[in-house]
Amino acid sequence: MSHTAHIPSHRKPRQRASKSALRAGVAGGVLSTIAVAGAAGPAQAEPVTQTIEMPTITSGLSTAVAASAQATQQVALDLETQAHEDAAAESAAKKAKKAKAEAVRKAEAEKKAEAAAKARAEAEAKERAERASRTAERTTLSAPSSSSSGNSSAPSASSSAPSSSSNATGSAAAIVAFAKAQVGDAYISGGTGPNAWDCSGLVQAAYRTAGIDLPRVSQSQSTAGTQVSLDNLQPGDILYWGGAGSAYHVAIYVGDGQFVGAQNSSTGTVQRSMDYDRPSGAVRVL
């Protein structure tokens, strides 16, 4: 090692003179202050016997918090009330809509029922009027014309009862069979079949099965053949109610004192005894 090399010292470095003087001054000032305070105080300090109550600073805050809570509760109540009112209004609107729909449905049902009742009443009134007219026609029915008795196809005057349907043959049998097959079908004004008829529509269709074309309406059908007596009927003869040429109803005699006819909307197509509603007259086409 060189004799000029630096050898570090193990001693603490000296503090600067200014820092030492500052620390000494601070310590002296603290001690002086303590000494002065001790000299200025009373020789003997009395112990503290009372606790000084600090003023309450939370009373105003509590009031504000309570008011805020009350306001919040009122808002919540108002919102709940509004929600109930909205729900009630919505429920009332739904009920009103449902009630309106039900009222409309009932009105339509009542309207249909009234129309059906009116139709039934009109049909019944028409039937009563027809019955009354038939009764009046019977009282004024004239005797069969002399030409009827001279018809070679008519039964003899000595015949006391209409022929039985078992005697029907050929075209007459076809007409009778067709008429009986329609019993139970509905009546409808202007009906020409195959499942609903009016009186003249049924007669026309029955004769068509035998290759005979008849007029469409009852007035014309009541004069389509030769007038015959109700005591000399044969199966297939056309019965009419009212005057010849002005008849308001027709049917087909099927033998055994019975006829088949499309009566009215209440009864439909029926087979009845002539005693049920005695016809005014009859014509023979075959």
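Residues numbered from 1 in each chain as written. Predicted model: local features only at pLDDT ≥ 70, side-chain atom pairs only at ≥ 80, totals over all residues. Heavy atoms only, no water.

**Quick notes on the packing of aromatic side chains**
No. 1: Applying the stated rule across the entire model yields two aromatic pairs.
No. 2: Measuring from ring centre to ring centre gives 5.5 Å for Trp 241 and Phe 259, while their planes differ by 65 degrees; the resulting arrangement is edge-to-face. Of the two residues, Trp 241 is situated in strand β4 (residues 238-241) and Phe 259 in strand β6 (residues 258-264); the sequence distance between them amounts to 18 residues. For the residue pair Trp 241 and Phe 259, the accessibility class agrees, reading buried in each case.
No. 3: It is Arg 272 that lies over the ring of Tyr 276; its NZ or CZ is 4.4 Å from the centre. (Phe/Tyr/Trp six-rings, centres within 6.5 Å; stacked < 30°, edge-to-face > 60°. Helix = DSSP H or I, 4+ residues; strand = E, 2+ residues; numbered from the N terminus. Buried < 20%, exposed > 50% of the residue type's maximum accessible area, 1.4 Å probe, protein only. Lys NZ or Arg CZ within 6 Å of the ring centre and 35° of its normal.)

**Looking at the pairing of β4**
No. 1: What you see with β4 is no split at all: Ile 238 and Tyr 240 on one side and Leu 239 and Trp 241 on the other are buried throughout.
No. 2: In terms of strand pairing, β4 meets strand β5 (residues 249-255) through four bridges, oriented antiparallel. Bridge pairing links Tyr 240 to Val 250 in β5.
No. 3: One ladder, built from three bridges, connects β4 with strand β8 (residues 281-284); its direction is antiparallel. Across the sheet, the residue bridging to Tyr 240 is Gly 281, located in β8. (Pairing = 2+ DSSP bridges.)

**Section: the pattern of salt bridges**
No. 1: Following the criterion strictly, the structure yields four salt bridges and no others.
No. 2: With a shortest N-O distance of 2.5 Å, Arg 105 and Glu 102 are connected by a salt bridge. Placement of the pair is Arg 105 and Glu 102 together in helix α2 (residues 59-139), with a separation of three residues, close to one helical turn.
No. 3: The partly exposed category is assigned to Arg 105, whose relative accessible area is 45%. (Salt bridge = Lys/Arg side-chain N within 4 Å of Asp/Glu carboxyl O.)

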